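# Results of the structural survey
One-letter residues, chain by chain:
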Amino acid sequence: MAAPTARSKSTEKAEVVRPQAEDEDVMVDMDVTNQGSQQQEETQTEETAEKTNANPEAMVLDESGKPRFVSAKESGMKVKLESRKVVVPPHRMGPLKTAWPKIYPPLVDHLHLQVRMNLRTKTVEMRTCAKTVDPGALQKGADFVKAFTLGFDIDDAIALLRLDDLYIDTFEIKDIKTLHGDHLSRAIGRIAGKDGRTKFAIENATRTRIVLADSKIHILGGFTHIKIARKAVVSLILGSPPGKIYGNLRTVSSRMKERS
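The following refers to the structure shown.

Basis of the calculations
- Residues numbered from 1 in each chain as written.
- Predicted model: local features only at pLDDT ≥ 70, side-chain atom pairs only at ≥ 80, totals over all residues.
- Heavy atoms only, no water.
- Salt bridge = Lys/Arg side-chain N within 4 Å of Asp/Glu carboxyl O.
- Helix = DSSP H or I, 4+ residues; strand = E, 2+ residues; numbered from the N terminus.
- Polar contact = N/O pair within 3.5 Å; in protein donor to acceptor, adjacent residues only side chain to side chain.
- Contact = heavy atoms within 4.5 Å.
- Pairing = 2+ DSSP bridges.
- Axes fitted to C-alpha atoms, helices over the stretch in contact; angles between N-to-C directions.
- Expected span 1.5 Å × (residues − 1).
- Buried < 20%, exposed > 50% of the residue type's maximum accessible area, 1.4 Å probe, protein only.
- Arc of directions from axis to C-beta.

Within the structure shown, the criterion is met by 7 salt bridges. In this structure, aspartate 169 engages arginine 230 in a salt bridge whose closest nitrogen and oxygen atoms are separated by 3.1 Å. Here the residue aspartate 169 occupies a position in strand S6 (residues 167–172), and arginine 230 occupies one in helix H9 (residues 223–237), the gap between them amounting to 61 residues. Here glutamate 172 ties to lysine 174 by a salt bridge, and the two come within 3.7 Å at their closest N and O atoms.

By secondary structure assignment, the location of threonine 208 is in the loop between helix H8 (197–206) and strand S7 (209–213). There is a polar contact of 2.8 Å between the side chain of threonine 208 and the side chain of threonine 206. If we ignore the near neighbours within four places in the chain, the residues touching threonine 208 are Ile202, Glu203, Ile219, Leu220, Gly221, His225, Ile226 and Ala229.

Here we come to the sheet that holds strand S8 (residues 216–221). An order of S6-S8-S7 is seen for the 3 strands of this open sheet, with the pairing classed as antiparallel. The strands lining the two open edges of the sheet, one partner per strand, are S6 and S7. On average, each strand axis in the sheet is inclined to that of its neighbour by 15°, with strand direction left out of account.

This paragraph deals with helix H10 (residues 242–259). Between the first and last C-alpha of H10 there are 26 Å, a value that for 18 residues agrees with the 26 Å anticipated at 1.5 Å per step. Every buried residue of H10 is accounted for by Ile245, Leu249 and Met256. The buried residues of H10 all sit within an arc of 35° when viewed along its axis, so they share a single face. For H10, the exposed residues set more than 90 degrees away from the buried face come down to Gly243, Lys244, Arg250, Arg255 and Glu258. Next to the buried residues of H10 lie H8 and H9.

This next bit is on the pairing of S8. Summarising burial for S8: 5 of the 6 residues are buried, a large majority. Sheet analysis places S6 next to S8, joined by 6 bridges and oriented antiparallel. Opposite isoleucine 168, over in S8, you have leucine 220 as the bridge partner. Examined bridge by bridge, S7 and S8 share 5 bridges and lie antiparallel to one another. Among the inter-strand pairings, alanine 213 is bridged to a residue of S8, identified as lysine 216. Linkage of S7 to S8, two consecutive antiparallel strands, is achieved through a turn of 2 residues, within which aspartate 214 is found at a positive phi near 60°.

Set out below in structure tokens:
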């Protein structure tokens, strides 16, 4: 039999050797995983490089380094099939029927939309089709019909289809100042003026179109032009005399001519 001291030494040696083998195995596994991750990264970079080589026009940079994208019309993307309904007020159904031969040709010929007037629900229904090219055609058509229902002339409303920087701003007199009875009537009279002269003066000076529908005011034009016209209308509502407004409009119109 071996001595007890010899047994203890042999067991200690065995205990020391075993964890070293386990550590070596762990180190080998870590190296293998690192190599695998590096190979995956290399394959991913190769795939992305192949994609960029296959599609060289996917990202085009200009001189300043900013990406340059192709417009939606030139990209050849198909327009989604969508529909839109514009509710027509009862007092505008008569003018809509009489002016319908002038309303639908721009929507059909220019925007390539399908349009119909639903007399039962008193709405104008529009939808895109396979011939529609502009993705914003449906929104432009809805704005055009909405402008006509608000009371704008059809020639002024057509400008919404041809120009991109035209908007409609709507607000009420009570948003500016709470007026009732005769005070409200006098405020509306100050905005319109005698035979509509004040309203026409604001329109000509600011290059906008204004519609007075009871206590609501609708302004059609560019962003800066609407801002100037609204400022003049607000000052009239607050009680400024028309003569002072005319003087301010003269200076504004002269500045606009100089800029243009």
